[in-house]
Amino acid sequence: MVLSMVDQHKPKCYLCNETFEDIEELRKHQDITHKEFIEYHKNSHEHSPAPGDVTVF
Ligand SMILES: [Zn+2]
């Protein structure tokens, strides 16, 4: 059975459920509309090793 997948094919913002033509549009949208949310997650990500803390594997 084939359903219309057109809408699901487009990238969707998981924060406000808006759909965008392509991933670039979505990124731009999140960068502007959800700036604080993105920044918050970036910061929580930086809890791991500091930039100067070099680990050799
Ligand atoms: Zn959004």
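Provided above is the structure to which this section pertains.
Since this is a predicted model, take the numbers as computed values, not measurements. (Residues numbered from 1 in each chain as written. Predicted model: local features only at pLDDT ≥ 70, side-chain atom pairs only at ≥ 80, totals over all residues. Heavy atoms only, no water.)

Participant: Give a detailed account of the overall build of the protein chain, specifying residues and quantitative values.
Facilitator: Check the secondary structure of the protein chain and you find three helices and zero strands. Of the regular secondary structure in the protein chain, the N- to C-terminal order runs α-α-α. Working note: accessible area of the protein chain is about 5,500 Å², and carbon and sulfur atoms make up 56% of it. (Helix = DSSP H or I, 4+ residues; strand = E, 2+ residues; numbered from the N terminus. Areas by Shrake-Rupley, 256 points an atom, 1.4 Å probe, with all protein chains shown as cover.)

Participant: Account for the coordination of the zinc ion, naming residues and giving values.
Facilitator: Here the zinc ion is held by Cys13 (SG), Cys16 (SG), His29 (NE2) and His34 (NE2), and the distances to it run 2.0 to 2.3 Å. Mapped onto the sequence, the residues coordinating the zinc ion show the spacing C-x2-C-x12-H-x4-H. Like histidine 34, histidine 29 is buried. (Donors = N, O, S within 2.8 Å, 3.2 Å for Na, K, Ca; no water. Buried < 20%, exposed > 50% of the residue type's maximum accessible area, 1.4 Å probe, protein only.)

Participant: Outline the pattern of salt bridges, supporting the account with residue identities and numerical values.
Facilitator: Working definition: two side chains of opposite charge can pair if their charged atoms are close together. Counted according to the given criterion, the structure contains four salt bridges. Note that glutamate 25 is salt-bridged to lysine 28, the shortest N-O span being 3.4 Å. Of the two residues, glutamate 25 and lysine 28 are both situated in helix α2 (residues 23-33); the distance of three residues between them amounts to about one turn of the helix. Judged by relative accessible area, which is 34%, glutamate 25 ranks as partly exposed. (Salt bridge = Lys/Arg side-chain N within 4 Å of Asp/Glu carboxyl O.)

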